2 protein chains.
Amino acid sequence: MKFSSKVEKSGLSPMRKFHPFAVAAEAKGRKIYHLNIGQPDIETPPQYFEAVRNFQLPVLEYAPSPGMPVLIDAIQKYYDNLNMHFEKDEILITTGGSEALAIVLQSILDDGDEILIPEPFYPNYSTMVNTTGGVIRPIPTTPEEGYHYADRAKVEALINEHTRASMCTNPGNPTGVVLTPEEQRLMCDIAKEHDLFIIGDEAYREFVYAGEPLQSFGEYTDAAENVIVIDTVSKRFSACGARVGAILSRNHELMGHVMKYCQARLSVATLDQVASAALYDVGPEYFAAVREEYKKRRDTVVSKLKNIPGVVCSEPKGAFYLMAALPVDDADKFQQWLLEEFEDNGDTVMFAPGEPFYATPGRGKNEIRIAYVLKQADLERAMDLLALGIKAYNAR
Amino acid sequence: MKFSSKVEKSGLSPMRKFHPFAVAAEAKGRKIYHLNIGQPDIETPPQYFEAVRNFQLPVLEYAPSPGMPVLIDAIQKYYDNLNMHFEKDEILITTGGSEALAIVLQSILDDGDEILIPEPFYPNYSTMVNTTGGVIRPIPTTPEEGYHYADRAKVEALINEHTRASMCTNPGNPTGVVLTPEEQRLMCDIAKEHDLFIIGDEAYREFVYAGEPLQSFGEYTDAAENVIVIDTVSKRFSACGARVGAILSRNHELMGHVMKYCQARLSVATLDQVASAALYDVGPEYFAAVREEYKKRRDTVVSKLKNIPGVVCSEPKGAFYLMAALPVDDADKFQQWLLEEFEDNGDTVMFAPGEPFYATPGRGKNEIRIAYVLKQADLERAMDLLALGIKAYNAR
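Residues numbered from 1 in each chain as written. Chains lettered and ligands numbered in written order. Predicted model: local features only at pLDDT ≥ 70, side-chain atom pairs only at ≥ 80, totals over all residues. Heavy atoms only, no water.

Glancing now at the sheet that holds strand S13 (residues 367-371) of chain A. Residue and element names in this part refer to chain A. Within the open sheet, the four strands sit side by side as S9-S10-S13-S12. Their pairing is antiparallel. Bordering the open sheet on either side are strand S9 (312-313) and strand S12 (352-353), each of which pairs with just one other strand. Bridge analysis of strand S10 (residues 321-325) against S13 gives five bridges, and the strand direction is antiparallel. Each bridged residue has a counterpart across the sheet, and for Ala324 the counterpart in S13 is Ile368. (Pairing = 2+ DSSP bridges. Helix = DSSP H or I, 4+ residues; strand = E, 2+ residues; numbered from the N terminus.)

Following this line, the structure appears as structure tokens:
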């Protein structure tokens, strides 16, 4: 049987290959500390489950294709509070940020079209872009420069007649880079000057640690035709399993095309929309507490990493990830060895090897992504295991 | 800004254009009887809401990308009870039957590839196929022949080197056609002989009214490489808003490609999967009661239609739709007139005009799709309004 050439070009999740080794390690009684996935352990606010329990309609009907008014209202109000106004028809609810990204990319990319994405980047972007027929043109960055990418010369050198868009994951996954207002302004200016869409994937907006105000490409109303904001309740409210996200854009032609996809898939889950709307009732103390917790975890990870000889990393300013270059030959082999050969008091550790975060062949080979989503004590233990592992691996 | 050529080729929902007229009619105090949408009024089994209320985990986490084991188990058992066995890795959970269809079509169709679909067909197939770059090759049917399509000569005449698959919506939306076992066998044989996928969109499996056993293309294990079953809880359990569906196939290469999409979009909503698994606990008395109710509605609609002079329709054998040819010049104009000009004691009626159900230009112009999803008394009133409307429209 013949399959789509686009899906043939895509791969399964590169993280998946370690799953059997993890299962085998656990079967041997090993305890694995997971720094490899971005599943927060923070409790989902009780408002979600209360709304779900209070749902009283006898028939679980389709929601409207653009989203339920109660949720669109809540999101509109949330942005108004951040001094960004979107009209209701400039907000379309999606099944998570993932569907938001997939629909936007399908709407703007054709075979051979290019999208600029700073690398390292979230590996699912590869499948999402490949299946449109488009191509990722990576904006290269380096650990030594703190993965900084918003540089006019660097970005403009990569723009050609096939370029349609640029993607800014801000705050960044996997790097934790947070754009300054000047850098956001620059990325918008480049998009405007070259007639490109600029996609702000802002899933981690609340997770910034330097006291800066929450930011969004949605602020740049002069780039109304260019800016597309990808949003989600997943990380904001530790509600990844709700699968509720949104596309926000003031480009009405784009939103008309996006609506075609929204209508073809009928609707987003009804109960999850009602419950997600209730999440927007949580007060600022919720975010303050969560931010404080992640900031502590970041500080722990960074200080532990700085004490491991040969590790290169920079302090992430946002999100809950960081990339680090390790003094090992190959992070993939090192991860497999940690699962198959290593243990300290029966414990070992998993992270995400760096190569899948890069489009440029050969890059990221000695890098890893750490998700600092564990409680303080577990995180400390995990980082100690990493240090012990590096030492033992290089002493073989 | 430039958009994807594939999304440019797609259209917004053709039903949408009547929305402003319906709003205006309601603003004038009209009551509209809705025969235009497939949203059942049957209550969702309480098991769904009980499961949701009993959910106790503090963090609403991502579910596994292939689906939650509890739901995969429930679906496997459901098929085992129908004497069809699927292994667990032959079942992938999706966000409704809609995502199941979209992922399957994206996985098997390339630019210029063709898929055979009997027309009239579910209009969202158009967007789903267009956005792959593929083309629908309609298998023509007629109201006079009861929309019958499973005919070797008719089907084979349409197969060429671009043909990759055929789609059988069984029981049929919008026609209510139910394939006989011989017809299913024939469609499988054709798929095998011509190396095509055969997609069974079986959302309405439980809704058959002649006492026949529930059927599925999943029974044809000799066509394991060809058959793809699209399933959903939406209609089976009147849980359209759950957005929980599944792809079932014994073609492991296909399922590997499908998994790439499943991983890229991370997961299906967690709570809806838990609750959907609980739905599979309902007993046969639930389906017997629902089936009896829809059968009565079908009988009401058909007998009412037969008494309207000039209407051509055949008795649907399944699902809860029927197509009917009306003695009017143009079903679109008639619908608009019903909303703008007509009323009987303040009431009017909406159905779905037929053209969007056809790929062949000009076909379906005097046809409508009726969704018999209203309670008995409302349905009778709606059909009387249709009869009065036709008479008044043609007497203008």
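Residue and element names in this part refer to chain A. Helix length check: helix H11 (residues 284-306) (23 residues) gives 33 Å between terminal C-alpha atoms against 33 Å at 1.5 Å per residue, within 8%. Among the residues making up H11, those that are buried are Tyr286, Phe287, Val290, Tyr294, Arg297, Arg298, Thr300, Val301, Val302 and Leu305. Among the structural elements, S9, S10, S13 and helix H13 (376-394) are those in contact with the buried residues of H11. (Expected span 1.5 Å × (residues − 1). Buried < 20%, exposed > 50% of the residue type's maximum accessible area, 1.4 Å probe, protein only. Contact = heavy atoms within 4.5 Å.)

What follows concerns empty space enclosed by the protein. Applying the stated criterion across every chain yields a total of seven cavities of 30 Å³ or more. Glu99, Ala102 and Ile103 of chain A together with Glu99 and Ala102 of chain B are, among the 28 residues lining the largest cavity, the residues nearest its centre. Those elements giving two or more residues to the lining of the largest cavity turn out to be helix H5 (96-108), helix H6 (124-130) and helix H9 (252-264) of chain A together with helix H5 (96-108), helix H6 (124-130) and helix H9 (252-264) of chain B. Tallied by class, the residues present in the lining of the largest cavity amount to ten nonpolar, twelve polar and six charged. (1 Å grid on protein atoms, 1.4 Å probe; cavity = no way out; pocket = protein on both sides within 12 Å on 5 of 7 lines; lining within 4 Å. Points joined across faces, edges and corners; volume = space filled by probe spheres on them. Nonpolar A, V, L, I, M, F, W, Y, C, P; charged D, E, K, R; others polar.)

Glancing now at the relation of the copies chain B and chain A. By a simple turn and slide, chain B fits onto chain A: the slide is 0.0 Å along the axis, the RMSD is 0.0 Å, and the turn is 180°. Seen this way, the second copy is the image of the first under a two-fold rotation axis. In terms of C-alpha distance to the rotation axis, chain B has Arg53 of chain B as its closest residue, with the C-alpha 2.5 Å off the axis. (Least-squares fit on C-alpha atoms with pLDDT ≥ 70 in both.)

By the definition in use, this model includes 46 aromatic pairs over all chains. Between Tyr78 of chain A and Tyr79 of chain A, the aromatic rings sit 5.0 Å apart at their centres with planes inclined by 85°, giving edge-to-face as the arrangement. Given the relative accessible area of 0%, Tyr79 of chain A is considered buried. Between Phe207 of chain B and Phe320 of chain B, the ring centres sit 5.4 Å apart and the planes meet at 75°, which makes this aromatic pair edge-to-face. Placement of Phe207 of chain B in the loop between strand S6 (197-201) and strand S7 (227-232) and of Phe320 of chain B in the loop between strand S9 (312-313) and strand S10 (321-325) is noted, with a sequence separation of 113 residues between them. Assigned by exposure class, Phe207 of chain B and Phe320 of chain B land together as buried. Feature note: the residues Tyr78, Tyr79, Phe86, Phe237, Tyr280, Tyr286 and Phe287 of chain A constitute an aromatic cluster, connected by ring pairs. The ring of Tyr393 of chain A carries Arg396 of chain A above its face, with NZ or CZ at 3.9 Å from the centroid. (Phe/Tyr/Trp six-rings, centres within 6.5 Å; stacked < 30°, edge-to-face > 60°. Lys NZ or Arg CZ within 6 Å of the ring centre and 35° of its normal.)

Next up on the list: the pattern of salt bridges. Pairs can form between side chains of opposite charge whenever their charged atoms are close. Evaluated as defined, the whole model comprises 60 salt bridges over all chains. We note a salt bridge from Asp113 of chain A to Arg164 of chain A, for which the minimum N-O separation is 3.4 Å. Taken as a pair, Asp113 of chain A in the loop between H5 and strand S3 (114-119) and Arg164 of chain A in strand S5 (residues 163-169) lie far apart in primary sequence, 51 residues in all. Each member of the pair, Asp113 of chain A as well as Arg164 of chain A, carries the same accessibility label: buried. Here Arg381 of chain A makes a salt bridge to Asp344 of chain A, at a shortest N to O gap of 2.9 Å. Here the residue Arg381 of chain A occupies a position in helix H13, and Asp344 of chain A occupies one in the loop between helix H12 (331-340) and strand S11 (347-350), the gap between them amounting to 37 residues. Three or more residues joined by partner-sharing salt bridges are found here, namely Lys2, Lys6, Asp110, Asp111, Asp113 and Arg164 of chain A together with Lys2, Lys6, Asp110, Asp111, Asp113 and Arg164 of chain B. (Salt bridge = Lys/Arg side-chain N within 4 Å of Asp/Glu carboxyl O.)

Keep in mind that these numbers describe shape and distance, not what the molecule does.
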